[in-house]
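Listed below are the residues making up each chain.
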Amino acid sequence: MADQTDAPDPITPDPITPDPITTEVVSRHVLAAAAEMGIVLMRTAFSPNIKERNDCSTAVFNARGDVVAQAEHIAIHLGSMIGAIEHITARYDLSGIGPGDMFVANDPYNGGGSHLPDLNVIAPVFHDGRIVAYVANIAHHADVGGMVPGSEAAVCETIFQEGLRLPPVRLVRDGVVNRDVIDIILLNSRTPDERRGDLNAQIAANHVGIRSMTGLIERYGLDVFERALDAYLDFSARRMEAAVANLPEGRYEAEDFLSSGTAGVEARLACALTIADGRMKFDFAGTAPQLNEARNIPHQALLATVYTVAKALLDPGAPANSGAFRVIDIAAPSGCIVQPTPPAPVGARSLSCGVLSDVVLAALSQAIPAKGMARCGPHGLLLLSGTDPRNGRYFVNYETVAGGLGALPHRDGLDAVRTLTSGSANLPVEALEHDFPVRVERYALRDGSGGAGRHRGGRGVLRDYRILGDAMTVSLTGERQRVPARGVDGGADGSLGEFVINPGAPDEIILGAAVKEAPLPRGSVLRVGTPGGAGWGDSSRRAPALVEKDKREGR
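Structural notes, computed from the coordinates.

### Quick word on the pairing of strand 5 (residues 130–140)
Turning to step 1, where the next piece is worked out: The element strand 5 is largely enclosed, with a buried count of 10 among its 11 residues.
Turning to step 2, where the next piece is worked out: In the sheet, strand 1 (residues 56–62) pairs with strand 5 via 7 bridges, with the strands oriented antiparallel. Across the sheet, residue Phe-61 finds its bridge partner in strand 5, namely Tyr-134.
Turning to step 3, where the next piece is worked out: Where strand 4 (residues 118–127) meets strand 5, 10 bridges bridge the pair, whose relative direction is antiparallel. Bridged to Asn-120 within strand 5 is Ile-138.

See below:
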């Protein structure tokens, strides 16, 4: 028998290097925590925009401020999350931040969201006296002041007209809410009771996230927790790197135009994508200068748009975290629409991002034609406001109505959906009529709005609101109202969007793409017709079975 004393020592696993299974378990726990935060936020919020339309997002960061996990709510909020921690740590020394603290911010130029109604609430997670992670959420508040009820309208000419601006300020200290900050926010809002309730919901959601992260660390230990998060980010990076490595190198260009509020003026969005050496660079040189209306796209929204489209085309299953986007570079001239400088207004950036998404997708799909898509019809924005005769209270109804998705090379576009970076739901009729003095008399797919083609574009939506209150007004912002979604390979363009008061009546009024507080007398009807997606391919080549299906369904 051999001498056992000469046998090598058994290998002892490194106790602080997580194996793949532990990494997966920890990362899934973090994802579940972000999702649970979102559920708490939506179920405890006061405003219909959050509790019914789910216009919010939740996320978990590591101690360096990298986004580790974001709940699958709204894509455009990803950019608002990125960089938030850096702004807090630049403003506050870490030694002055303690357990139970939370911070709030909303200014896109100073560490907040991507427009003023999005309030970020961020909280550190402590272990043994130091910050080991952060949890955060964004909620779109229906009104944060400004010259237009709802705080989001393309007619604003500077950000100072859009509402209250908050750099990162301490909302909660040692578990006690800072009443001074709350009072400032409430005083600037036309609907303070809603704001108080929604802010409390955001604070509660962060408490749930802190509890979940603390329990995870206590279970696995801090070293395993931190290394697992790093491994998860590296895993996401490798997935996207592999996807980019399979793309043909080259330069791919695309453009589109925003229908600005000035008649006859279209603003160019330009993108040049360069794929080389295993990286992608999106360059927006050639984009028009920033506008004196709130269609500009701040840096965070630009990031979110590029990241969302790239992930959707290259690896839809990759986690939406900071690691996934290490392979992407973005450049844009300062002072252009997609890189505005203060005091450029940015409130209606989500509609502009709908068109920008088409541009980014058109450039990237040239490298992967099988995953192309025709241009889309983005949502329409309406802000109804006035006094509710049922209770005498002033209200603001922030609402967006879905558009139509562009056709794909192999299938029709989807009807009545949010396009690409957008993600919140249409407000249900029952909730709308319960909370506000309106009656929805028509809610239907907009026949004929999707462009014809071998594969047709998705249809937009028609929604008619009967006004049941006195002295009500509406502010409106639309896109694709002069420049339609363009078809591909012979496909037809999508229909333009429209806003109409009293459609078909002798006193019909056709409104433009940017409207400020148009009066709505009691009994009048407001129609919102959203644009359709474009078609793909010659309609004469549409499969007979699909033609028959169209006839059967009355398309």
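### A short note on unusual backbone geometry
Turning to step 1, where the next piece is worked out: Here the amide bond leading from Pro-342 into Pro-343 is cis, since omega sits at 5°, within 30 degrees of zero.
Turning to step 2, where the next piece is worked out: Summarising the element assignment, Pro-343 is placed in the loop between strand 11 (328–331) and helix 9 (349–365).
Turning to step 3, where the next piece is worked out: At Asn-54, a position not held by glycine, the phi torsion is positive, near 60°.
Turning to step 4, where the next piece is worked out: Relative to the assigned elements, Asn-54 resides in the loop between helix 2 (48–51) and strand 1.
Turning to step 5, where the next piece is worked out: For Asp-277, which is not a glycine, the phi torsion comes out positive at approximately 55°.
Turning to step 6, where the next piece is worked out: Looking at where Asp-277 falls in the secondary structure, it is placed in the loop between strand 9 (266–276) and strand 10 (279–283).
Turning to step 7, where the next piece is worked out: Using a relative accessible area of 71% as the deciding quantity, one classes Asp-277 as exposed.

### A word on the layout of surface pockets
One way to see where empty space is left: roll a probe the size of a water molecule over the atoms.
Turning to step 1, where the next piece is worked out: Counted as a void, the largest pocket has a volume near 1,000 Å³.
Turning to step 2, where the next piece is worked out: Surrounding the largest pocket, 40 residues form its lining, Glu-72, Thr-308, Lys-311, Ala-312 and Pro-316 being those nearest its centre.
Turning to step 3, where the next piece is worked out: Where the lining of the largest pocket is concerned, the elements lending two or more residues are helix 1 (20–44), strand 2 (67–70), helix 7 (222–245) and helix 8 (299–314).
Turning to step 4, where the next piece is worked out: Broken down by element, the residue count for the lining of the largest pocket peaks at 5 residues, all from helix 8.
Turning to step 5, where the next piece is worked out: Counted by class, the lining of the largest pocket contains 24 nonpolar, 9 polar and 7 charged residues.
Turning to step 6, where the next piece is worked out: In this structure, the second largest pocket encloses a volume near 440 Å³.
Turning to step 7, where the next piece is worked out: Along the wall of the second largest pocket there are 17 residues; nearest its centre are Glu-194, Asn-391, Arg-393, Tyr-394 and Phe-395.
Turning to step 8, where the next piece is worked out: Put simply, the parts of the chain that give the lining of the second largest pocket at least two residues each are helix 2, helix 6 (192–220), strand 13 (394–401) and helix 10 (429–435).

### Concerning helix 6
Turning to step 1, where the next piece is worked out: An ideal rise of 1.5 Å per residue puts 42 Å on 29 residues; helix 6 measures up with 43 Å between its terminal C-alpha atoms.
Turning to step 2, where the next piece is worked out: A positive backbone phi angle near 95° is found at Gly-221, which sits one or two residues after helix 6.

### Section: the sheet that holds strand 6 (residues 169–173)
Sheet strands pair by backbone hydrogen bonding; their relative direction is either parallel or antiparallel.
Turning to step 1, where the next piece is worked out: Taken in spatial order, the 7 strands make up an open sheet running 2-1-5-4-3-6-7, and their pairing is antiparallel. The sheet terminates laterally at strand 2 and strand 7 (176–177), the two strands that pair on one side only.
Turning to step 2, where the next piece is worked out: Running over the sheet, helix 1 touches strand 1, strand 2 and strand 5 and is turned about 145° from strand 1.

### So, the sheet that holds strand 13
Turning to step 1, where the next piece is worked out: The strand order across the open sheet built from 4 strands is 13-12-16-19, with neighbouring strands paired in antiparallel fashion. Every other strand in the sheet has two partners, leaving strand 13 and strand 19 (514–520) as the edge strands with one partner each. Here the strands of the sheet are splayed against their neighbours by 15° on average, with no regard to which way each runs.
Turning to step 2, where the next piece is worked out: For strand 16 (residues 472–477) and strand 19, the ladder comprises 5 bridges, and the chain directions are antiparallel. Note that in strand 19 the partner of Met-472 across the bridge is Leu-520.

### Observations concerning the pairing of strand 12 (residues 380–387)
Remark: a regular strand shows side chains that alternate across the two faces of the sheet.
Turning to step 1, where the next piece is worked out: Here strand 12 lies mainly inside the structure; 7 of its 8 residues are buried.
Turning to step 2, where the next piece is worked out: Hairpin connection between strand 12 and strand 13: a loop of 6 residues separates the two successive antiparallel strands, and Gly-392 in this loop has a positive phi of roughly 75°.
Turning to step 3, where the next piece is worked out: Bridge count between strand 12 and strand 16: 5 bridges; the pairing is antiparallel. Residue Ser-385 lies in a different strand from strand 16, and its bridge partner there is Thr-473.

### Quick notes on the nonpolar core
Turning to step 1, where the next piece is worked out: One finds Val-30, Phe-61, Val-104, Leu-171, Met-213 and Phe-225 to be the most contacted residues of the largest nonpolar core, which totals 63 residues.
Turning to step 2, where the next piece is worked out: Non-local contacts of Val-30, meaning those with residues more than four positions away in its chain, are made with Val-60, Val-68, Ala-69, Met-213, Leu-216, Phe-225 and Leu-229.
Turning to step 3, where the next piece is worked out: Residues Leu-302, Ala-310, Phe-325 and Ala-362 belong to the second largest nonpolar core, which totals 53 residues.

### Let's talk about the packing of aromatic side chains
Turning to step 1, where the next piece is worked out: As enumerated under the stated definition, the model contains 3 aromatic pairs in all.
Turning to step 2, where the next piece is worked out: Look at Tyr-92 and Phe-103: their rings are 4.9 Å apart centre to centre, the planes differ by 50°, and that puts the pair in the tilted class. On the criterion of sequence distance, the pair formed by Tyr-92 in the loop between helix 4 (84–91) and strand 3 (102–105) and Phe-103 in strand 3 is long-range, its members being 11 residues apart. The same class applies to Tyr-92 as to Phe-103, namely buried.
Turning to step 3, where the next piece is worked out: Ring plane angle 45° and centroid distance 5.5 Å describe the contact between Phe-395 and Phe-436, whose orientation is recorded as tilted. Within this pair, whereas Phe-395 is found in strand 13, its partner Phe-436 is found in the loop between helix 10 and strand 14 (438–445), the two being separated by 41 residues in sequence. Phe-436 shares its class with Phe-395; the two are buried.

### A closer look at the environment of Phe-103
Turning to step 1, where the next piece is worked out: Given a relative accessible area of 3%, Phe-103 falls into the buried group.
Turning to step 2, where the next piece is worked out: In this view, Phe-103 contacts Ile-88, Tyr-92, Ile-97, Asn-120, Val-121, Ile-122, Val-169, Arg-170 and Leu-171; residues no more than four positions away in its chain are not counted.

Cut-offs applied
Residues numbered from 1 in each chain as written. Predicted model: local features only at pLDDT ≥ 70, side-chain atom pairs only at ≥ 80, totals over all residues. Heavy atoms only, no water. Buried < 20%, exposed > 50% of the residue type's maximum accessible area, 1.4 Å probe, protein only. Helix = DSSP H or I, 4+ residues; strand = E, 2+ residues; numbered from the N terminus. Pairing = 2+ DSSP bridges. 1 Å grid on protein atoms, 1.4 Å probe; cavity = no way out; pocket = protein on both sides within 12 Å on 5 of 7 lines; lining within 4 Å. Points joined across faces, edges and corners; volume = space filled by probe spheres on them. Nonpolar A, V, L, I, M, F, W, Y, C, P; charged D, E, K, R; others polar. Expected span 1.5 Å × (residues − 1). Contact = heavy atoms within 4.5 Å. Axes fitted to C-alpha atoms, helices over the stretch in contact; angles between N-to-C directions. Core = buried A, V, L, I, M, F, W, Y, C linked by side-chain atoms within 4.5 Å. Phe/Tyr/Trp six-rings, centres within 6.5 Å; stacked < 30°, edge-to-face > 60°.

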